[in-house]
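Geometric and topological summary
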Amino acid sequence: LVNWMTCLAPPAPLRSEWASVHGLDGFAGEELAADIAALETELEISDAPNIPPKDAVILRGAGALGYKASVIRRNGVGCGDCGTCPFGCRSGAKRSGLRVHLAEAYRTGARIVADAPVSRVLMEHGAVTGVEAIHRPDGAGHARRLTVRARQVVVAAGALRTPVILERSGLRHPAIGRHLRLHPVPVVAGRFAEPIEMWRWTTQAARSEYRSQPGEDVRDYVIESAPAHPGLVALAFPWEGTDAFAAMLERLRWFAPLIAITRDSGEGRVRLTRAGTARVDYDLAPGDVATMRHALVRMARIARAAGAQAIVAVGTPPAWHGRDGFPPGGEERAFRSFEERLARFDF
């Protein structure tokens, strides 16, 4: 419901790994292909309807460098103008689980109870028999306990909340909350001479994939644009003092942020706190740091090749290229120094 609608099918090497390393059935053969085809039909996945300026940066920069880039496929129908997809969908054009699979379940008799966060699963004689929730029928007023009994229970509260529910339920399996895997994302933003307005038009429309070569110490990743709105940018962009931050936000229309979606090899842990909330601890593995630094360099090259006048790698502290201009003939040398700094960037 709140995602950016970019739809990527699992690549063949990953499916093979799921089958051979993790022993998961149905991922290596035609069975998954049939499932993906069914989902593409149900979600009406299609090419992005337009290429906003922030995504044109990827296609233009990658094309100039000879990098692979392509138009993104997405689960949206009849839209591509409002840009508010990260916060839901005001027009109902996003083919989300709410509009597709929950709606189909309701049509076939499912009862959907909203405003009822689950507090724990119920167990009898070693078997799960249902769930207990706190229900506020009007969304805000008096709360009452809701108990649901079922022959089968699926706990699908995401990687950060499922362990909390299980731990709160008294379960003590050693794997609960462990082995948290994320996709760490480094960020580079280019400032251009023409307005970009990252918050307008299609949420994401282009991507550039990097496939690692044998013997490299980096993993595959995908470069995309970030359709951030000013409030989100204010959270993510670097703070270097009031005046510098205000000056950067005043020029926000001209920035195009690029992100690299990486696959981690490190892991984290989710634990239940005394207050009943989730505590998340996570460490980047050395290989993940190498991959993110590699992606920073590649994104900076794409932004530069697309015509960026200044480039910033987001972090604390950030790394800038071109913010204060260059001496005559000094841009090339300055960019080489910038690449070296990104190759040592501290996450």
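Residue indices begin from 1 for each chain and proceed along its sequence in written order. The model is predicted, so local features are restricted to residues of pLDDT at least 70 and side-chain atom pairs to those at 80 or more, both for listing and for counting; the totals for chains, interfaces and linings are taken over all residues. The side-chain numbers reported here are obtained from all heavy atoms of the structure, hydrogens and water having been left aside.

Brief notes about the nonpolar core
Core analysis: the largest hydrophobic core is formed by 31 residues, its most contacted members being I311 and L342. The leading source of residues in this core is helix α8 (residues 286-305), at 7 residues. Note on contacts: a residue pair qualifies if any of its non-hydrogen atoms lie within 4.5 Å across the two residues. Among residues more than four places away in sequence, those in contact with I311 are V188, A189, G190, A300, A303, R304, A319, W320, H321, F335 and F338. Of all hydrophobic cores here, the second largest spans 13 residues; its members include W199, F245, L252 and V312. We call a set of buried residues a nonpolar core when its members are Ala, Val, Leu, Ile, Met, Phe, Trp, Tyr or Cys and they connect through side-chain atoms within 4.5 Å of each other. Working definition: with a 1.4 Å probe on protein chains only, accessible area under 20% of the residue-type maximum means buried, over 50% means exposed, and in between means partly exposed. Strands are runs of DSSP state E lasting at least 2 residues, helices are runs of H or I lasting at least 4, and numbering of each runs from the N terminus.

Things to note about the confidence of the model for the protein
When pLDDT is averaged across the protein, the result is 93; 99% of the residues are at 70 or more. Values of pLDDT, which run from 0 to 100, indicate the predictor's confidence residue by residue. Put simply, helix α6 (residues 230-236) is where the protein has its lowest mean pLDDT, 89, and helix α3 (residues 53-65) is where it has its highest, 98.

As for the packing of aromatic side chains
Only rings of Phe, Tyr and Trp enter the pairing, Trp through its six-membered ring, and a pair is recorded when the two centres are within 6.5 Å. The plane angle decides the type: under 30 degrees is stacked, over 60 is edge-to-face, the rest tilted. Following the criterion strictly, the structure yields 6 aromatic pairs and no others. Ring geometry for W239 against F245: centres 5.1 Å apart, planes inclined by 50°, an arrangement best described as tilted. By relative accessible area, F245 is classed as buried at 11%. Note on geometry: a ring has a charge over it if NZ (lysine) or CZ (arginine) is within 6 Å of the ring centre and within 35 degrees of the ring normal. Stacked on the ring of W254, the Lys or Arg R253 has its end atom at 5.1 Å from the ring centre. Taking the ring centre of Y67 as reference, the NZ or CZ of R298 above it sits at 3.6 Å.

Observations concerning the packing of α3 against α8
How two helices pack is summed up by the angle between their axes together with the distance between the axes. Fitted lines through C-alpha atoms give the axes, limited to the stretch in contact for helices. The angle between two N-to-C directions lies from 0 to 180 degrees. At a minimum axis separation of 7 Å, α3 and α8 run at an interaxial angle of 95°. By the angle between their axes, α3 is roughly perpendicular relative to α8. For the pair α3 and α8, the contacting residues are V57, I58, G61, A62, A64 and L65 in the first and R301, I302 and A305 in the second. We call Asp, Glu, Lys and Arg charged. Ala, Val, Leu, Ile, Met, Phe, Trp, Tyr, Cys and Pro are nonpolar, and the rest, Gly among them, are polar. Taken together, the residues that form the contact of α3 with α8 break down as 7 nonpolar, 1 polar and 1 charged. Note on angle classes: values under 35 degrees are labelled roughly parallel, values over 145 roughly antiparallel, values of 65 to 115 roughly perpendicular, and the remainder oblique.

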